[in-house]
Amino acid sequence: MEYAIGLDFGTGSVRAVAMEAKSGKLLGNAEEPYTVYTTLPDSHIALKPRMVLAEPKEYLEAMEHVFLTLLKENDLRGEDAVGIGVDTTSLTLVALGRDGLPLTFHQKFRNEPNAYMKLWKSRSAEKEAEQIQKVAVRRKEPALSWNGGVISSEWLLPKALETFHEAPEVFRKADLMMDLSDYIPFALTGKVTRNAGSYLFKAMAYDGCPPSEDFLEDVEPGFGALHAKLRGYWVRWGERIGGLSTLWAKKTGLREGIAVSSGALDGNMPMVAFNLQQKGDMLLTLGTSGVLSAISRRQEPILGCAGGGQDVMIPGCFGCECGMAAMGDLYDWSIRQCLSPQVFREADHAGMKIHDYLAETELKRVPKESDIMALDWWNGHRGPLSVRNVYGVFAGMSLHTTGAELYRAVVEATAFCTKMNLENLERQGLMAERIIVCGGIAEKNPILVQLFSDVLGKPLLYANLPHSAACGAAIMGINAAEKGSSASLPETMNSIAMIPVYQRFQPDGKRHQIFAKRYNCYVNLSRLMQNYWSRQTTKE
């Protein structure tokens with residue numbers, strides 16, 4: 001029985017699924033964690049503010065372990081595997097030496113933070129992002145208009161410029177600088193490729209080419225050397241980039257040479273599993289961050305959007321994404337920092353996990369116009385306001401405000417941000433005909449999904465398919481093995497994409513009316529703080 005493996009590298013773990021190649025039947029899954037570092041790995045040395053790292057070796061070891069576990073625990077034969085698909089967080093920057101290994105494999109760079117993988121949510125390169133944007137605006141770089149007009153510190157160029165500034169030796173020794181979504185396929189095959197989603201969304205590539213050496217040199221003398229470090233063949237979802245290497249065949253027990261598909265971004269990948277390729281299809285992923293993905297036949301940039309372009313998601317379609325820079329992390333922060341010990345005791349007494357307890361006692365209640373208001377900018381802002389280097393806000397507090405009310409405020413804020421992004425897309429002609437919701441938060445917290453439906457005033461369909469991103473990656477692996485071309489992925493999706501059981505969340509009319517008034521307050525507060533943070537940035 002032939003099968004493909006899908007690998008989904010999230011923020012805290014890698015998930016793997018095995019899928020029968022002909023039917024799409026799931027044969028098993030496995031998961032292996034790794035560490036998110038806010039101190040220098042193997043030490044207690046603090047990192048600079050907003051820097052978040054990962055250890056490349058841990059990712060490779062986790063990948064090896066998850067392959068072995070998947071085969072062993074599900075009685076799968078390695079010789080029956082035909083393909084592998086990969087999606088990862090993005091943009092997670094990996095610096096590689098001439099030997100093809102991450103620079104942290106060399107002892108001399110073990111104590112240099114900039115040599116480690118900079119996770120997608122590392123936002124310590126704000127000044128570098130501003131520096132690059134000023135030059136891009138002055139030069140009218142064509143890639144800028146396709147990326148919402150604002151260069152995020154999460155993206156490749158700011159993170160690379162940060163390395164150029166702080167660790168010149170690391171920058172000089174780096175032969176390649178890759179997004180994790182391209183590095184994992186490279187590790188498996190030895191082929192240097194750049195997937196369209198990461199390349200166009202987050203690396204300022206345009207028309208299949210990396211940023212020009214002239215532009216990079218204009219940003220700062222010497223930075224033009226990055227151009228050569230961004231080399232690689234541009235690929236789209238589902239394309240076969242090469243075969244599994246001898247090394248990884250020996251590590252995993254899989255056959256040498258089986259097809260490995262192009263890399264992809266984890267927030268968009270469930271679109272493949274759910275066969276979302278019709279005009280009006282949107283995907284709302286609720287996880288560590290929140291991502292709203294949409295497809296259309298549009299040929300022009302989307303203003304105020306985190307990124308978009310032709311073939312960056314489903315081949316043959318225009319795709320774009322927007323969302324929240326913090327969602328699950330923000331919820332966890334509000335629980336750790338805002339709740340009193342009494343709330344935890346009440347949850348224990350009720351025999352409930354704290355998120356479930358707050359959902360029942362706080363999220364379920366009818367909203368009030370006087371509830372606390374928050375802006376969900378704890379890790380920056382992705383949206384139509386086009387403001388950089390911003391921070392979160394609470395408004396309307398009193399001496400009687402409780403931690404549970406603050407938790408509800410940040411949950412509502414992420415829903416309001418989703419509504420702001422959705423309205424921005426619809427104003428530009430990308431109308432939502434069907435919104436599919438997935439992700440770990442949606443799976444664990446249906447009350448929260450209902451709140452999102454009430455805020456948006458639209459029905460939401462929760463797809464009951466665990467590991468949906470890994471399932472999409474497995475379908476890409478099947479396509480790479482059977483057809484090898486990205487152009488055939490839509491056909492493969494039609495034939496074997498998952499048919500999940502959808503749970504429909506219908507908006508409650510009464511709650512929606514109140515949320516509509518609160519949403520107007522959110523928009524007004526956003527504009528007020530937009531002006532405030534813009535002035536602060538100007539002063540700096």
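Above this text sits the structure in question.
In this report, we go over the structure that sits alongside the text. (Residues numbered from 1 in each chain as written. Predicted model: local features only at pLDDT ≥ 70, side-chain atom pairs only at ≥ 80, totals over all residues. Heavy atoms only, no water.)

What about the overall build of the protein chain?
Looking only at helices and strands, the protein chain has 20 helices and 21 strands in total. Taking 24 Å as the expected radius of gyration for a compact globule of 540 residues, we find that the protein chain reaches 22 Å, a close match to that expectation. Expressed along its principal axes, the backbone C-alpha trace of the protein chain runs to roughly 65 × 55 × 50 Å. Scored against the burial criterion, the 540 residues of the protein chain give a buried share of 63%. Just so you have it, the protein chain exposes about 20600 Å², and 51% of that area is on carbon and sulfur atoms. Distance from the positive charge centre (58 side chains) to the negative charge centre (62 side chains) of the protein chain: 3 Å. (Helix = DSSP H or I, 4+ residues; strand = E, 2+ residues; numbered from the N terminus. Rg over C-alpha atoms; globule rule 2.2 N^0.38 Å. Buried < 20%, exposed > 50% of the residue type's maximum accessible area, 1.4 Å probe, protein only. Areas by Shrake-Rupley, 256 points an atom, 1.4 Å probe, with all protein chains shown as cover. Lys, Arg positive; Asp, Glu negative; His and termini not counted. Charge placed at Lys NZ, Arg CZ, Asp CG, Glu CD.)

Comments concerning empty space enclosed by the protein
Unoccupied space between atoms shows up once a probe the size of one water molecule is rolled over them. According to the stated counting rule, one finds 3 cavities of 30 Å³ or more in the structure shown. Size it by volume and the largest cavity reaches roughly 260 Å³. A breakdown of the residues in the lining of the largest cavity according to their chemical character gives 7 nonpolar, 8 polar and 6 charged. (1 Å grid on protein atoms, 1.4 Å probe; cavity = no way out; pocket = protein on both sides within 12 Å on 5 of 7 lines; lining within 4 Å. Points joined across faces, edges and corners; volume = space filled by probe spheres on them. Nonpolar A, V, L, I, M, F, W, Y, C, P; charged D, E, K, R; others polar.)

Thoughts on the layout of surface pockets
Quantified by volume, the largest pocket comes out at close to 1200 Å³. If you go around the largest pocket, you meet 47 residues; those closest to its centre are Leu286, Gly287, Thr288, Gly440 and Ile441. Elements that contribute at least two residues to the lining of the largest pocket include exactly β2 (13-20), β13 (281-286), α12 (328-338), α14 (354-363), α16 (440-444), β20 (460-463) and α18 (468-482). Within the lining of the largest pocket, the residues separate by chemical class into 15 nonpolar, 19 polar and 13 charged.

Overview of the packing of aromatic side chains
Going through the model one piece at a time under the given rule, you end up with 15 aromatic pairs. One aromatic cluster is present, formed by Phe416, Phe515, Tyr519 and Tyr522 through successive ring pairs. Here the guanidinium or amino end of Lys229 rests over the ring plane of Phe171, the centre of that ring lying 5.0 Å away. Here the basic side chain of Lys251 rests over the ring of Trp248, its NZ or CZ set 5.2 Å away from the ring centre. (Phe/Tyr/Trp six-rings, centres within 6.5 Å; stacked < 30°, edge-to-face > 60°. Lys NZ or Arg CZ within 6 Å of the ring centre and 35° of its normal.)

Description of the pairing of β20
The alternating pattern of β20 places Leu460 and Tyr462 on one face and Leu461 and Ala463 on the opposite face, and all of these are buried. Pairing between strand β19 (residues 434-438) and β20: 2 bridges, direction parallel. Across the sheet, the residue bridging to Val437 is Tyr462, located in β20. Examined bridge by bridge, β20 and strand β21 (residues 502-505) share 4 bridges and lie antiparallel to one another. Across the sheet, Tyr462 pairs through a bridge with Gln503, a residue of β21. (Pairing = 2+ DSSP bridges.)

Some details on the pattern of salt bridges
By the definition in use, this model includes 35 salt bridges. A salt bridge links Arg172 to Glu169; the shortest N-O distance between them is 2.9 Å. One end of the pair is Arg172 and the other is Glu169, both in helix α5 (residues 168-173) and 3 residues apart, which spans about a single turn. Residue Glu169 is classed as partly exposed on the basis of its relative accessible area of 30%. (Salt bridge = Lys/Arg side-chain N within 4 Å of Asp/Glu carboxyl O.)

A look at the side chain of Asn424
With respect to the helices, strands and loops of the structure, Asn424 is situated in helix α15 (residues 403-427). At a separation of 2.8 Å, a polar atom in the side chain of Asn424 contacts the main-chain carbonyl oxygen of Leu303. Not counting residues up to four positions away in its chain, the partners in contact with Asn424 are Ile302, Leu303, Gly304, Cys305 and Pro384. (Polar contact = N/O pair within 3.5 Å; in protein donor to acceptor, adjacent residues only side chain to side chain. Contact = heavy atoms within 4.5 Å.)

Some words on the packing of α14 against α15
At a minimum axis distance of 10 Å, the contact between α14 and α15 shows a crossing angle of 90°. If you check the angle between α14 and α15, you find them roughly perpendicular. Counted together, His355, Leu358, Glu362 and Leu363 of α14 and Ala404, Glu405, Tyr407, Arg408 and Val411 of α15 form the full contact between these two elements. (Axes fitted to C-alpha atoms, helices over the stretch in contact; angles between N-to-C directions. Parallel < 35°, antiparallel > 145°, perpendicular 65-115°, else oblique.)

So, the sheet that holds strand β15 (residues 307-310)
The strand order β15-β16-β14-β13-β19-β20-β21 describes an open sheet built from 7 strands, whose pairing is mixed. Because the sheet does not close on itself, it has two edges, and the strands there are β15 and β21. Neighbouring strand axes in the sheet, compared pairwise and without regard to direction, differ in orientation by 20° on average. Strand direction decides the pairing type here: strand β14 (residues 290-296) and strand β16 (residues 318-324), joined by 7 bridges, are antiparallel.

Brief notes about the sheet that holds strand β11 (residues 240-243)
Read from one edge to the other, the open sheet built from 6 strands follows the order β3-β2-β1-β5-β12-β11, with strand pairing classed as mixed. Edge positions in the open sheet fall to β3 (26-33) and β11, since each of these has one partner strand only. Between one strand axis and the next, the sheet turns through 20° on average, direction left out of account. Note: strand β1 (residues 3-9) against β2, 7 bridges, orientation antiparallel. By the bridge assignment for β2, Leu7 is matched with Ala16. Seen against the sheet, helix α1 (residues 56-73) touches β1, β2, β3 and β5 (81-88) and runs at an angle of roughly 150° to β3. Helix α6 (residues 180-189) rests against β1, β5, β11 and β12 (259-261) of the sheet, and its axis sits at about 150° to β5.

Side note on helix α19 (residues 489-496)
Residues spaced three or four apart along an α-helix face the same direction, because each turn holds 3.6 residues. Within the sequence span of α19, burial applies to Leu489, Pro490, Thr492, Met493 and Ile496. Mapping the buried residues of α19 onto a view down its axis gives an arc of 160°, with all of them on the same face. Of the residues in α19, the exposed ones pointing more than 90 degrees away from the buried face are Glu491, Asn494 and Ser495. Looking at the buried side of α19, the elements it contacts are α11 (270-273) and α18. (Arc of directions from axis to C-beta.)

Thoughts on the environment of Met476
As for its position among the elements, Met476 is in helix α18. Using a relative accessible area of 0% as the deciding quantity, one classes Met476 as buried. For Met476 and Trp237, which are 239 residues apart along the polypeptide, the C-alpha to C-alpha distance reads 6.9 Å. Setting aside residues no more than four positions away along its own chain, Met476 makes contact with Val86, Trp237, Gly238, Ser261, Ser262, Ala264, Met269 and Leu489.

Notes on α15
For α15, which comprises 25 residues, the first-to-last C-alpha distance of 36 Å matches the rise-based estimate of 36 Å (1.5 Å per residue) to within 8%. Most of α15 is tucked away: 22 of the 25 residues are buried. One or two residues past the end of α15 sits Gly429, with phi positive at roughly 95°. (Expected span 1.5 Å × (residues − 1).)

No statement about biological role is implied by the geometric values presented.
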